Amino acid sequence: MRSEITADHQLNGKKKSYGDESTGDYTFDRVPREERNMGWLSITNITFGIATAIFYFQMGSVMALQFGAANAIISATYAILVAGILGTIIVYLSAKSGMNVNLLSRGGFGYIGASLTSLIYASNFIMYCAFEGMILVTAVHAYFPAIPTWLLIVVFGTVIIPLNWFGINQLDKLQKWSLPLFAVFLIAAIVVAFNTTSQYDGSFWTYMPEGVQIGGTALLLCIGMQHGIMGLTALIASDYARFLKPKDLKIGSVAIGFIPQIFCFGVMGGLGIWFGVTLGESNPGIYIVVLLGLGGVLFTMLTQIRINITNIYSSSLSLSSFFENMFGFTPGRRFWVVVSGVTAMILMLGGIVDHLDTAMTFQGVALMSWASILVTDALVVKKWLNIGPGYYESRQKNLYKWNPVGVVSLLVPTAIGTIAALGYMGTFLQSTAAFFALVLASILTVVLAVATKGRYYVKKETTDIPKEDWIAESKI
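Undergrad: Please explain the environment of isoleucine 214 as it appears in this structure.
TA: Within the secondary structure, isoleucine 214 is located in the loop between α7 (167-194) and α8 (216-236). For the pair formed by isoleucine 214 and isoleucine 471, sequence separation is 257 residues and the distance between their alpha carbons is 43 Å. Not counting the four nearest positions on each side in its chain, isoleucine 214 is found in contact with Ala70, Asn71, Ile74 and Met208.

Undergrad: Please explain the side chain of glutamate 393 as it appears in this structure.
TA: Tracing the backbone through its elements, the reader meets glutamate 393 in the loop between α14 (356-384) and α15 (404-421). Under the relative-accessibility criterion, glutamate 393 is labelled buried at 4%. At 2.9 Å, the side chain of glutamate 393 and the side chain of arginine 395 are in polar contact. In terms of polar contacts, glutamate 393 uses its side chain to reach the side chain of asparagine 398, at 3.0 Å.

Undergrad: Explain a positive patch on the surface to me, please; I cannot follow it from the model alone.
TA: There is a patch of like positive charges on the surface, built from Lys397, Lys401, Lys459 and Lys460. Tracing the chain through its elements places lysine 397 in the loop between α14 and α15.

Undergrad: What am I meant to see in empty space enclosed by the protein here?
TA: Where empty space is left can be seen by rolling a probe of water-molecule size over the atoms. Within the structure shown, the criterion is met by seven cavities of 30 Å³ or more. The computed volume of the largest cavity comes to approximately 80 Å³. Lining of the largest cavity is provided by 13 residues; of these, Cys129, Phe156, Gly157, Ile160 and Asn308 occupy positions nearest its centre. Broken down by secondary-structure element, the contributors of at least two residues to the lining of the largest cavity are α5 (114-143), α6 (149-163), α12 (294-327) and α13 (333-349). At four residues, the largest contribution of residues to the lining of the largest cavity is made by α12.

Undergrad: Just checking my understanding: could you explain the pattern of salt bridges for this structure?
TA: Should the charged atoms of two oppositely charged side chains come close, the side chains can pair. Following the criterion strictly, the structure yields eight salt bridges and no others. Through salt bridges with shared partners, a single ionic network connects Arg30, Arg33, Arg36 and Asp469.

Undergrad: Please explain the environment of tryptophan 274 as it appears in this structure.
TA: By the secondary structure assignment, tryptophan 274 is in helix α10 (residues 249-279). Here the alpha-carbon distance between tryptophan 274 and alanine 434, two residues 160 residues apart in the chain, equals 27 Å. Excluding residues within four positions of it along the chain, tryptophan 274 makes contact with Ile190, Ala193, Phe194 and Phe204.

Undergrad: I tried to follow the packing of aromatic side chains on my own but got confused; where do I start?
TA: Geometrically, a pair of aromatic rings is defined through the distance of the ring centres and the angle of the planes. This structure, assessed with the given rule, holds 27 aromatic pairs. Geometrically, the ring pair formed by tyrosine 121 and tryptophan 370 is edge-to-face, given 5.0 Å between the ring centres and 90 degrees between the ring planes. With tyrosine 121 in helix α5 and tryptophan 370 in helix α14, this residue pair connects regions lying 249 residues apart in the sequence. On the basis of relative accessible area, tyrosine 121 is assigned to the buried category, the value being 0%. When the centroid spacing of 4.9 Å and the interplanar angle of 50 degrees are considered together, the rings of tyrosine 391 and tryptophan 470 count as tilted. Of this pair, tyrosine 391 sits in the loop between α14 and α15 while tryptophan 470 sits in the segment after α17 (433-452), placing them 79 residues apart in sequence. Each of the two residues, tyrosine 391 as well as tryptophan 470, counts as buried. The rings of Phe322, Phe323, Phe327, Phe329, Phe335 and Trp336 are connected pair by pair, giving a single aromatic cluster. Seen from the ring of phenylalanine 182, arginine 306 lies directly overhead, with NZ or CZ sitting 5.9 Å from the centre. Positioned above the aromatic ring of tryptophan 470, the side-chain terminus of lysine 467 is 3.6 Å from the ring centre.

Undergrad: How should I be thinking about α13 in this particular structure?
TA: Structurally, the α-helix is built with 3.6 residues per turn, so residues lying three or four positions apart point the same way. The end-to-end C-alpha distance of α13 is 24 Å, a good match for the 24 Å that 17 residues give at a rise of 1.5 Å each. All of the buried residues in α13 are Arg333, Trp336, Val337, Ser340, Gly341, Ala344, Met345 and Met348. Glycine 351 occupies a position one or two residues after α13 and carries a positive phi of about 80 degrees.

Undergrad: Looking at this structure, I do not really get a nonpolar patch on the surface. What am I missing?
TA: Judged by side-chain polarity, Trp150, Leu151, Val154, Val155 and Leu349 come together as a nonpolar surface patch covering roughly 450 Å² of accessible area. Tallying contributions element by element places α6 first for the nonpolar patch, with four residues. Along the chain, the position of valine 154 falls in helix α6. We classify valine 154 as partly exposed; its relative accessible area is 32%.

Here is what the cut-offs are and how they apply
- Residues numbered from 1 in each chain as written.
- Predicted model: local features only at pLDDT ≥ 70, side-chain atom pairs only at ≥ 80, totals over all residues.
- Heavy atoms only, no water.
- Helix = DSSP H or I, 4+ residues; strand = E, 2+ residues; numbered from the N terminus.
- Contact = heavy atoms within 4.5 Å.
- Buried < 20%, exposed > 50% of the residue type's maximum accessible area, 1.4 Å probe, protein only.
- Polar contact = N/O pair within 3.5 Å; in protein donor to acceptor, adjacent residues only side chain to side chain.
- Patch = residues over 30% accessible without salt bridge, like charges linked within 9 Å, V, L, I, M, F, W, Y side chains within 5 Å.
- Areas by Shrake-Rupley, 256 points an atom, 1.4 Å probe, with all protein chains shown as cover.
- Salt bridge = Lys/Arg side-chain N within 4 Å of Asp/Glu carboxyl O.
- Lys, Arg positive; Asp, Glu negative; His and termini not counted.
- Charge placed at Lys NZ, Arg CZ, Asp CG, Glu CD.
- 1 Å grid on protein atoms, 1.4 Å probe; cavity = no way out; pocket = protein on both sides within 12 Å on 5 of 7 lines; lining within 4 Å.
- Points joined across faces, edges and corners; volume = space filled by probe spheres on them.
- Phe/Tyr/Trp six-rings, centres within 6.5 Å; stacked < 30°, edge-to-face > 60°.
- Lys NZ or Arg CZ within 6 Å of the ring centre and 35° of its normal.
- Expected span 1.5 Å × (residues − 1).

Remember that the coordinates give geometry; whether it matters functionally is a separate question.
Right, dumping it as structure tokens:
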């Protein structure tokens with residue numbers, strides 16, 4: 001049997017931390033307190049790589065044109081509130097413990113059980129990388145039709161890999177210098193659209209397709225579309241929040257939890273509603289190029305590279321965690337950057353975007369359930385009921401392979417929620433499947449934690465985790 005993987009290992013007779021690499025990513029263990037030196041503004045800026053994706057334009061445009069602008073706006077408000085609350089709590093847990101959601105899950109799911117969440121998480125980011133990449137490829141191909149699509153896929157898929165090579169510090173710098181460029185292009189698009197004759201005579205927020213009303217089925221369908229991405233936006237910030245300065249814990253948790261959601265669903269989604277109604281087009285890869293010409297191509301290129309940098313970064317962390325847990329295979333995060341990038345290119349070449357709705361349905365339900373389990377486990381199980389340890393453990397030698405609390409609470413709601421989302425349990429649950437799964441996951445987490453008395457969280461207590469990293473008092 002292979003020896004247990006811990007955060008430290010011997011190399012040439014010297015003790016070396018997995019996190020002690022040029023990227024400083026701490027893939028397999030908590031970030032030491034002395035390395036948590038990023039301000040909340042820097043981390044929020046990195047998460048803007050997600051928030052500025054053109055995908056949110058497309059969601060707003062599609063919802064407005066199909067279900068009415070008012071329903072799209074109401075659903076965006078709902079998404080900001082729910083994802084913001086979940087995100088704030090998860091950011092707090094990550095910053096407090098120095099761990100991302102993959103590591104936070106190891107105690108509650110067991111180190112093999114947590115591999116389920118890591119694999120779902122990684123596949124989610126790779127899929128979105130492929131989808132976002134195809135928006136870019138479509139925009140460039142529309143302006144330069146002589147360039148074959150396959151070549152654009154290979155070029156833009158490959159360029160993401162070196163941009164991820166040096167980890168969190170490289171991401172911070174790339175997002176900082178590119179954000180002003182994004183702002184210039186965005187303002188230009190708004191100005192041009194404002195001076196473009198609208199395809200709709202009235203105010204954009206009053207647009208309503210024939211036979212559609214505010215509320216009812218149309219609103220539920222909009223909310224269902226938001227669920228497909230809300231779990232991701234709530235969870236992803238943990239990959240960066242674990243580097244947050246301890247003194248910024250409170251204000252940083254709220255800022256990092258809410259500001260990206262406001263920009264994702266409010267600003268970008270709201271502009272997507274306006275652009276879609278004004279131009280009568282739902283595909284931003286088309287209408288941004290119509291508005292700005294070559295500038296639209298450059299704008300699309302900038303936004304999609306920004307989002308795919310974060311997609312590949314998070315997928316590489318999750319794949320590292322999965323293969324370390326399951327097989328003890330630890331080639332380093334950079335290896336998984338290459339794997340993630342190549343896999344995304346293969347999916348683009350294979351036409352994965354044609355199956356996006358099905359993939360989003362399953363992953364939306366799974367990610368919302370996972371976020372619910374993490375939040376419930378922290379606030380109810382650990383802090384209120386004092387069940388299990390008051391700290392998070394990630395080392396295999398101190399963990400069970402499986403913890404039924406997390407595993408059952410993820411699998412059952414995900415299965416039932418997916419069935420509901422596919423329409424087999426009625427229209428209402430079809431559109432609210434992810435929220436239904438979230439509630440069910442929360443209830444199961446509490447019930448199973450009480451039933452098992454927290455015995456499967458850790459094999460034994462540890463004394464080497466700083467008390468400042470604990471989130472609750474422990475009775476074990």
